[in-house]
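Each chain, letter by letter, is given below.
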Amino acid sequence: MNILFESLKFNEFEIFSKLIHAVSPRCFENDEGEIEEFSFQGNDETGKAKEHVKLFLESIKIETNNLYLVNQVHGDKVFILDDSNLTFSEVEKISADAVITQLPEKPIGVFTADCLPILIYDPRLRVIGAIHAGRKGTEQNIIFKVMREMARVYGSRPEELLAGFGPAIGGCCYEVGEDCIRPFKDLFPDEKNLYRFDLSGRHFLDLIAVNKLEGQKAGLLPENIFSMRHCTFCSPKNLYSYRREGKTGRILTTIMLRS
Ligand SMILES: [Zn+2]
């Protein structure tokens, strides 16, 4: 199979030979040469979810048939994967919106379709994290909570961490009610670039900008934050967007340490 729209990687992560990561595009070319959509979750009426997860992992040279995904609930809980005996299905039952681990050969990941997927890497201590940062998780400062856990459990230092921001709905398209803007106004009263209003009175939130700011406030260096800058809503051919399509598939963002 061929992955289409292959640019969904962070060059700054690619320099580490024992780090594997990727964000799934919407489509791939199957062995018959047809264009097929990934259906991991959300639109899985095809019954191909398991097969597609495996195919995607294979395409990035991860040889397990699944990965460690938690039950995402738009909260701020961080799951620490430190027991190598846990099975994929046991982890799937744990409600959380981020996973961190130091275990090698254990792929972790998050599903999104407009929410922001974030990968975190500590190159010194070799710790990885995957975060599902939606509006609610962002409101609860999930990126800070992940960094705090990485510090507490492994001794990570914020200034040494690298953060990759995957594709999310951009400030160009993320229209929200005024009530959704208010918590961010309260949190960051001096920051005017996190949201905007257009002439017809519509409100737009820039989830990526908010997460960058939260990351920096938690100690990430601006030069260590990398962003793919693809707006999911603006990329119908390449990415799923829940806002655009309602019932839709999911983007899978994954990261793994090689032993
Ligand atoms: Zn857009």
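Our structure's up above, just so we're on the same page.
This one's a predicted model, so the numbers in the text were calculated from it and none came from an experiment.

A. Spatial organisation of the coordination of the zinc ion. Summarising the metal site, the zinc ion is bound by the protein donors Cys172 (SG), Cys173 (SG), Cys231 (SG) and Cys234 (SG), whose distances to it range over 2.3 Å. Around the zinc ion sit four donor atoms; with metal-centred angles ranging over 102 to 118 degrees, the donor geometry is tetrahedral. Spacing between the donor residues of the zinc ion along their common chain follows C-C-x57-C-x2-C. One end of the pair, Cys172, is in the loop between strand E10 (162-165) and strand E11 (175-176); the other, Cys231, is in the loop between strand E14 (225-227) and helix H8 (242-245), and 59 residues separate them in sequence.

B. Seen up close, the packing of aromatic side chains. The final tally for this structure, using the stated rule, is eleven aromatic pairs. When the ring of Tyr68 is compared with that of Phe88, the centres are 4.5 Å apart and the planes differ by 45 degrees; the resulting orientation is tilted. With Tyr68 in the loop between helix H2 (49-59) and strand E5 (78-81) and Phe88 in helix H3 (residues 88-92), this pair connects stretches of sequence that are 20 residues apart. What makes Tyr68 buried here is its relative accessible area of 5%. Among the aromatic residues, those joined into a cluster by ring pairs are Phe10, Phe13, Phe16, Tyr121 and Phe226.

C. Inspection of the packing of helix H5 (residues 142-154) against helix H7 (residues 207-217) at higher detail. Across the interface, H5 lies against H7 with an axial gap of 8 Å and an inter-helix angle of 35 degrees. Here the hand of the crossing between H5 and H7 comes out right-handed. Within the contact between the two elements, H5 uses Ile142, Ile143 and Met147 and H7 uses Asn211, Glu214 and Gly215. Along the lines of polarity and charge, the residues of the contact of H5 with H7 split into three nonpolar, two polar and one charged.

D. The sheet that holds strand E12 (residues 195-197), seen in detail. Overall, antiparallel pairing links the three strands, which are arranged E11-E13-E12 in an open sheet. The open sheet has two free edges, formed respectively by E11 and E12, since each of these has just one partner strand. In the sheet, E11 pairs with strand E13 (residues 203-205) via two bridges, with the strands oriented antiparallel. The residue bridging Glu175 from the neighbouring strand is Phe204, located in E13. Relative to E13, helix H6 (residues 178-187) is tilted by about 50 degrees, and along the sheet it contacts E11, E12 and E13.

The rules behind each value
Numbers given to residues run from 1 along each chain, matching the order in which its sequence is written. Local features in this predicted model are restricted to residues of pLDDT 70 or higher, and side-chain atom pairs are both shown and tallied only at a pLDDT of 80 or more, whereas totals for entire chains, interfaces and linings draw on every residue. The side-chain numbers reported here are obtained from all heavy atoms of the structure, hydrogens and water having been left aside. As a rule, N, O and S atoms within 2.8 Å of a metal are its donors, except that Na, K and Ca use 3.2 Å; water is not among the atoms, so sites may look incomplete. The rule is simple: four donors are tetrahedral if all their angles sit between 85 and 135 degrees, four are square planar and six octahedral if opposite donors span more than 155 degrees and the others lie between 65 and 115, and anything that fits none of that is irregular. Only runs of H or I of at least four residues qualify as helices and only runs of E of at least two qualify as strands under DSSP, and these elements are numbered from the N terminus. For Phe, Tyr and Trp, rings pair up if their centres lie within 6.5 Å, where Trp contributes its six-membered ring, and each pair is then called stacked (planes under 30 degrees apart), edge-to-face (over 60) or tilted (otherwise). For each residue, the accessible area found with a 1.4 Å probe, counting protein chains only, is set against the maximum for its type, and the residue is called buried under 20%, exposed over 50%, and partly exposed in between. Axis definition: a line fitted to C-alpha atoms, limited for helices to the stretch in contact. Angles are taken between N-to-C directions and run from 0 to 180 degrees. By definition, any crossing whose near helix is turned counterclockwise from its far helix by less than a right angle is left-handed, and any crossing with a clockwise turn is right-handed. The contact criterion used is simple: two residues touch if any of their non-hydrogen atoms lie within 4.5 Å. Lys, Arg, Asp and Glu make up the charged group, whereas Ala, Val, Leu, Ile, Met, Phe, Trp, Tyr, Cys and Pro make up the nonpolar group; the residues left over, Gly among them, are polar. In this analysis, strands are considered paired if DSSP registers two or more bridges between them.

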